[in-house]
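Notes for the structure review
Residues per chain, in single letters:
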Amino acid sequence: MALIKKFRIKSYKNNETIVELKNISVFYNKRQILENLNLKINKQEILGMLGPNGVGKSTIFNLITGLKDVNYGKIIINGVDCTNLPINERFTKFKLGLVPQYGGLINDLSLKENLTLVSEIHIKEKNMRNFKIEKLVSQFEFESLLNIKAKHLSGGQKKKLVIAMALINDPKILLLDEPFAALDILTIKMLQEIILNLQSTEEISVVICDHQAADLLKTCDRAVILSNGKVIASGSPNEVITDKDAKNQYFGDEFNIN
Ligand SMILES: Nc1ncnc2c1ncn2[C@@H]1O[C@H](COP(=O)(O)OP(=O)(O)OP(=O)(O)O)[C@@H](O)[C@H]1O
Ligand SMILES: [Mg+2]
């Protein structure tokens, strides 16, 4: 199996924990989704989260942001027990940014209006708001789409808009649920570069889950593989793709990143 060649020069290894999920169990009705799961996200790392459909990846993002309560266990962010902290307090106190798997924008507002709305929530100063929006418009090449209603954007354009909206408040912890889905090859590359740039300049921690495993593994410092409610493998991208359990339960024998 080919080893993963990263397109960046530096990779980050910081063992200071920023988010910890401790002995988490989650049920929907009586169906158990996560079982005594333990997961740490380190400061300034890009963590890839992989696992089969329905294993609980989006649920984990919902637990971190507070959109879903745990049945058992604790969520610790920056050393603070947030298990019972409301969503809005988590977002502002710890500067969370979330790109949900679906939705995340207001369909009847234009692309520019969606960006403006989020900027008005997070940034007091009008000049700063305009500066931030202009920067994102240029970075994501939105110039010709500013007045198009969100509902008329293509699938990939919508995803790019939601990602740009998540970056408006300069998050310190960025959670990306399938950011590469629906994006074309060059846009994926652009997004990978934006993520790596944020990591080195803004020192943010990023968690990405995506089924585009090769793109994900090229971007992350560390990856975890989930199966049957638990983390079954954790390590560098090269370590997880050669892990026996990860191969059996997620990658299969044919997985190749080239
Ligand atoms: N609100 C809900 N009510 C009932 N069951 C739910 C709810 N939300 C999620 N589930 C169940 O929890 C499990 C985990 O769902 P989740 O969306 O976290 O999976 P995922 O790993 O993100 O999957 P995918 O790769 O398909 O996005 C699934 O079996 C799903 O049916
Ligand atoms: Mg999901």
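Structure first, text after, so check above.
What you see is a predicted model, and the numbers here were worked out from it, not measured in a lab. (Residues numbered from 1 in each chain as written. Chains lettered and ligands numbered in written order. Predicted model: local features only at pLDDT ≥ 70, side-chain atom pairs only at ≥ 80, totals over all residues.)

A word on the overall build of the protein chain
When helices and strands are tallied, the protein chain shows nine helices and ten strands. Residues classed as buried in the protein chain amount to 38% of the 258 residues present. A fraction of 69% describes how many contacts in the protein chain between residues 6 or more apart in sequence connect residues 24 or more apart. (Helix = DSSP H or I, 4+ residues; strand = E, 2+ residues; numbered from the N terminus. Buried ≥ 20, exposed ≤ 12 C-beta atoms within 10 Å, placed from the backbone. Contact = placed C-beta atoms within 7 Å.)

Notes on the packing of helix α3 (residues 111-122) against helix α4 (residues 126-139)
For the pair α3 and α4, the least separation of the axes is 10 Å and the interaxial angle reads 140°. Considered as vectors, α3 and α4 are oriented oblique to each other. Between α3 and α4 lies a crossing whose hand is right-handed. Every residue of α4 that contacts α3 at L115, T116, S119 and E120 is listed here: R129, K132, I133 and L136. For the contact of α3 with α4, the residue count by class is three nonpolar, two polar and three charged. (Axes fitted to C-alpha atoms, helices over the stretch in contact; angles between N-to-C directions. Parallel < 35°, antiparallel > 145°, perpendicular 65-115°, else oblique. Left-handed = near helix turned anticlockwise from the far one by under 90°. Nonpolar A, V, L, I, M, F, W, Y, C, P; charged D, E, K, R; others polar.)

What about the site of ligand 1?
Inspection of the region around ligand 1 gives Y28, I33, G51, N53, G54, V55, G56, K57, S58, T59 and Q101 as its neighbouring residues. The element best represented in the shell around ligand 1 is helix α1 (residues 57-65), accounting for three residues. A per-class count over the shell around ligand 1 returns three nonpolar, seven polar and one charged. (Near = placed C-beta within 6 Å.)

What about the nonpolar core?
Among the nonpolar cores identified, the biggest contains 71 residues, and M49, M165, L175, I208 and I225 are the most heavily contacted of them. Among the elements that line this core, the one with the most residues is helix α5 (residues 155-167), at seven residues. Each of two domains, domain 1 (12-95 + 171-249) and domain 2 (104-169), supplies a minimum of three residues to this core. Setting aside chain neighbours within four positions, we find L175 in contact with F61, I64, L96, G97, L98, V99 and V207. (Core = buried A, V, L, I, M, F, W, Y, C linked by C-beta atoms within 7 Å. Domains from an automatic or database assignment.)

Let's talk about the sheet that holds strand β9 (residues 222-227)
Strand-to-strand pairing in sheets goes through backbone hydrogen bonds, with the strands running parallel or antiparallel. With mixed pairing, six strands are arranged side by side in an open sheet as β6-β7-β8-β3-β9-β10. With one partner strand each, in any of the chains shown, β6 (96-99) and β10 (230-235) form the two edges of the open sheet. Across the sheet, the mean angle separating the axes of adjacent strands is 15° when strand polarity is ignored. (Pairing = 2+ DSSP bridges.)

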